[in-house]
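An overview of the molecular structure
The primary structure of each chain is shown beneath.
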Amino acid sequence: MASRHHDIAEDLRHQITTGRIKPGERLPSESRLAGQYKVSTATLRRALTVLQGQGLVEKIHGKGNFVRSPFRKITYVGGWGMLDPRTAADADLRVTVRTTALGARGDLTALLRVPDGCPLTEFLCLSYEGESPHSLARIYVPHDLAPNEVFGDGSSSARMEASFTVPNPPPAEVRETVSARLPTPDEASTLRINSALAVLAITRVAADTAGRVVEAALLVFPGDRVDAVFTTHHVIDQRETQR
C-alpha cells in the first residue's frame, strides 16, 4: 500500500508525542520494527525519514534511531551575532571549537579581501544541546588577528566566549547576508538533520575603520532552532538638521 509508511510514521509519532516512547530513548532496530509492522525494511525506513524530517527522530550512525528531545530556539542578534554571549555561547549550549591554519582560497579571498594563499585561522564551532548538534559556524580570521590561545576539540562555551570577544573598538562595519536554503550533505550530516529541512545561512563580514576585514563567518542554523533579530538605527545627518 502506497501510504503504508505514512501510517507507520503516524503510529510512531503518536507514541512519541504521548510519552509512550520518551525523549532520548532508542527505537527498536529497523529490522525489528519492520517485523512488528509487517513491512519491508525499505518501507520502514521511509516512515523513519518522515519522522526525521519532522525533527522527532534522529539517526546516529552506528547506534540507531533515537527520539529527539524538543529543541529550544536561540536568538541570533544581527550585527555581531555569533560572538554575542546570548547566542552561540549560550550557557545552556556546549560548544566545541577546532582550529586550523590554512591559506585563503576560492570564496575566502573575496570575503576577506586578501590575496590567494594569505594565512588564515579557521575556527570550526559546533554547538550542542545535550548530545545533539544545534548550530554550526566556520569563522575565518587573518592569522595575525587570531586569539593567541589555540583550542582543541571540546572547548567550553565559557572559554569560547572569553576569547571571541567583540574587539575594542568594535568593527566599523558588519555586513550580513541571510538566506534560507537546504543544507549541504556535509551540513546535514554534521547537524544530524534531514536534507529536506531548511537552514538559515548567514554570511557575516566585519571590517575595521581602515576597511580591513577582521572576520568572515559562515553560520548555519537549522530553521526550527533559531530566531534572527536585526535592529536598524536611522542616523540623521547633522547637515540636514541645520538647513
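Residues numbered from 1 in each chain as written. Predicted model: local features only at pLDDT ≥ 70, side-chain atom pairs only at ≥ 80, totals over all residues. Heavy atoms only, no water.

Let us look at the packing of helix 2 (residues 30-37) against helix 3 (residues 41-53). Contact geometry for helix 2 and helix 3: axes closest at 9 Å, N-to-C directions at 100°. In this view, helix 2 runs roughly perpendicular relative to helix 3, as classed from their interaxial angle. Mapping the contact onto sequence places Glu30, Leu33, Ala34 and Tyr37 in helix 2 and Thr41, Leu44, Arg45 and Leu48 in helix 3. (Axes fitted to C-alpha atoms, helices over the stretch in contact; angles between N-to-C directions. Helix = DSSP H or I, 4+ residues; strand = E, 2+ residues; numbered from the N terminus. Parallel < 35°, antiparallel > 145°, perpendicular 65-115°, else oblique. Contact = heavy atoms within 4.5 Å.)

Within the secondary structure, valine 95 sits in strand 4 (residues 94-103). The class for valine 95 is buried, based on a relative accessible area of 1%. Spatially, the C-alpha atoms of valine 95 and serine 135 are 9.3 Å apart, while their sequence positions differ by 40 residues. (Buried < 20%, exposed > 50% of the residue type's maximum accessible area, 1.4 Å probe, protein only.)

Attention shifts here to the pattern of salt bridges. One pass over the full model with this rule turns up 11 salt bridges. A salt bridge links arginine 204 to glutamate 215; its shortest N-O distance comes to 2.6 Å. Placement of arginine 204 in strand 8 (residues 199-207) and of glutamate 215 in strand 9 (residues 213-222) is noted, with a sequence separation of 11 residues between them. Neither residue differs from the other here; arginine 204 and glutamate 215 are each classed as buried. (Salt bridge = Lys/Arg side-chain N within 4 Å of Asp/Glu carboxyl O.)

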